[in-house]
Amino acid sequence: MTTHAATQTTGKDVTNILRTAGLRPTRQRVSLAELLYSKGDRHISAELLHEEAVAADVPVSLATVYNTLHQFTEAGLLREVAIDGNKTYFDTNVSDHHHFFIEGENRVIDIPGEGVGINAIPEAPEGMEIVRVDVVVRVREKS
């Protein structure tokens with residue numbers, strides 16, 4: 001998919017999305033996809049999705065949540081947003097855009113792709129190609 005993986009999607013739509021992405025729609029994948037996409041575009045950590053799954057009586061381990069999120073990312077259904085190398089969010093909006101990270105709140109919000117200008121990107125090393133450029137702008141409330 002080239003834009004949003006699924007916005008406010010449930011049931012059969014999720015099953016079709018998973019199949020189209022080349023993923024077998026297991027019960028756990030369908031349940032996690034419904035949780036991910038039922039609230040529109042958002043940024044979520046594996047831990048928060050696991051908490052939502054437990055609250056929704058979806059029997060799934062944190063390890064399975066991590067594995068599923070990475071499978072969805074590899075299939076193009078999610079975009080991984082790494083903050084400082086120790087905190088990862090998964091974005092249901094896979095379109096071309098960037099992010100604000102709100103320090104102190106550990107919250108990520110979108111910046112439209114055209115909202116950031118990059119004047120120069122070095123050429124990729126020989127035999128490599130640039131896949132995407134991620135910009136994370138860190139912000140906090142003024143003191």
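Refer to the preceding data block for the structure.
For clarity, every value in this text was computed on a predicted model and none was experimentally measured.

*Asks:* Sorry if this is basic, but what is going on with helix α2 (residues 27–37) here?
*Replies:* Since the α-helix turns once every 3.6 residues, residues separated by three or four places project in the same direction. Across the eleven residues that make up α2, a large majority, eight, are buried. Looking only at α2, the buried set comprises Arg-29, Val-30, Ser-31, Leu-32, Ala-33, Leu-35, Leu-36 and Tyr-37.

*Asks:* Quick question: what am I supposed to make of the packing of helix α3 (residues 46–55) against helix α4 (residues 62–74) here?
*Replies:* Packed helices, taken two at a time, are described by the angle their axes make and the gap between the axes. Running from amino to carboxyl end, α3 crosses α4 at an angle of 120°, the nearest separation of the two axes being 9 Å. With respect to α4, the element α3 is oriented oblique. Regarding α3 and α4, the two cross each other, and that crossing is right-handed. Note on element contacts: α4 touches α3 through Leu-62, Val-65, Tyr-66 and Leu-69, opposite Ala-46, Glu-47, Leu-49 and His-50. Residues of the contact of α3 with α4, tallied by class, amount to six nonpolar, one polar and one charged.

*Asks:* Would you explain unusual backbone geometry in this entry?
*Replies:* What is expected of a backbone is that most residues other than glycine have negative phi and most peptide bonds are trans. The backbone of Asp-57 sits at a positive phi, close to 60°, despite the residue not being glycine. Considering the arrangement of structural elements, one finds Asp-57 in the loop between α3 and α4.

*Asks:* What is the right way to read the pattern of salt bridges from this model?
*Replies:* Oppositely charged side chains may form a pair once their charged atoms are brought near each other. Within this structure, the stated rule accounts for seven salt bridges. Two residues, Arg-42 and Glu-52, come together in a salt bridge whose shortest N-O distance is 2.8 Å. Of this pair, Arg-42 sits in the loop between α2 and β1 (43–44) while Glu-52 sits in helix α3, and the two are ten residues apart along the sequence. With its nearest N and O atoms 2.9 Å apart, the salt bridge here joins Glu-105 to Arg-107. We classify Glu-105 as partly exposed; its relative accessible area is 41%. Linked by salt bridges that have partners in common, Lys-39, Arg-42 and Glu-52 make up one network.

*Asks:* Just to check I follow, could you spell out the side chain of Glu-52 for this structure?
*Replies:* Judged by relative accessible area, Glu-52 falls into the buried class, the value being 15%. Contact partners of Glu-52, with chain neighbours within four places excluded, come to Leu-35, Lys-39, Arg-42 and Ile-44.

*Asks:* Would you mind going over the packing of α2 against α3 with me for this structure?
*Replies:* At their nearest, the axes of α2 and α3 sit 10 Å apart, and the two run at 110° to each other. Here α2 is positioned roughly perpendicular relative to α3, judged by the angle of their axes. Across from Leu-32, Leu-35 and Leu-36 in α2, the residues of α3 making contact are Leu-49, Glu-52 and Ala-53. When its residues are assigned to classes, the contact of α2 with α3 shows five nonpolar, no polar and one charged.

*Asks:* Explain the sheet that holds strand β2 (residues 79–83) here, please?
*Replies:* Hydrogen bonds along the backbone pair up the strands of a sheet, which may run parallel or antiparallel. In space, the three strands of this open sheet follow the order β1-β3-β2, with antiparallel pairing throughout. Two strands close off the open sheet at either side, each with one partner strand: β1 and β2. Pairing geometry for β1 and strand β3 (residues 87–91), over two bridges, is antiparallel. By the bridge assignment for β3, His-43 is matched with Asp-91.

*Asks:* What is the right way to read the sheet that holds strand β6 (residues 136–139) from this model?
*Replies:* Pairing is mixed across the open sheet formed by three strands, whose spatial order is β5-β4-β6. Looking at the sheet topology across the chains shown, the edges are occupied by β5 (107–112) and β6. Averaged over all pairs of adjacent strands, the angle between strand axes in this sheet comes to 30°, irrespective of strand direction. Bridge count for strand β4 (residues 97–102) against β5 is six bridges, and the pairing is antiparallel.

Definitions and limits used
- One numbering rule holds for all chains: residues counted from 1, following each sequence as written.
- Per-residue local features are limited, in this predicted model, to residues with pLDDT of at least 70; the limit for side-chain atom pairs, both in listing and counting, is 80 or more; totals at the level of whole chains, interfaces and linings are taken over all residues.
- Derived side-chain values reflect all non-hydrogen atoms in the structure, with water molecules and hydrogen atoms excluded from consideration.
- Working definition: with a 1.4 Å probe on protein chains only, accessible area under 20% of the residue-type maximum means buried, over 50% means exposed, and in between means partly exposed.
- Where helices and strands are cited, they refer to DSSP runs of H or I of at least four residues and of E of at least two residues respectively, numbered from the N terminus.
- Angles shown run from 0 to 180 degrees and are taken between the N-to-C directions of axes, each axis being a line fitted to C-alpha atoms and, for helices, limited to the stretch in contact.
- Roughly parallel covers angles under 35 degrees, roughly antiparallel covers those over 145, roughly perpendicular covers 65 to 115, and oblique covers all other angles.
- Crossing handedness is defined as follows: a turn of the near helix away from the far one that is anticlockwise and smaller than a right angle gives a left-handed crossing, while the clockwise case is right-handed.
- Contact criterion: two residues are considered in contact whenever any of their non-hydrogen atoms come within 4.5 Å of each other.
- Think of it as three bins: nonpolar holds Ala, Val, Leu, Ile, Met, Phe, Trp, Tyr, Cys and Pro, charged holds Asp, Glu, Lys and Arg, and polar takes everything else, Gly as well.
- A pairing counts as a salt bridge when a side-chain nitrogen of Lys or Arg comes within 4 Å of a carboxyl oxygen of Asp or Glu.
- The rule for pairing is simple: two strands pair if DSSP sees at least two bridges between them.

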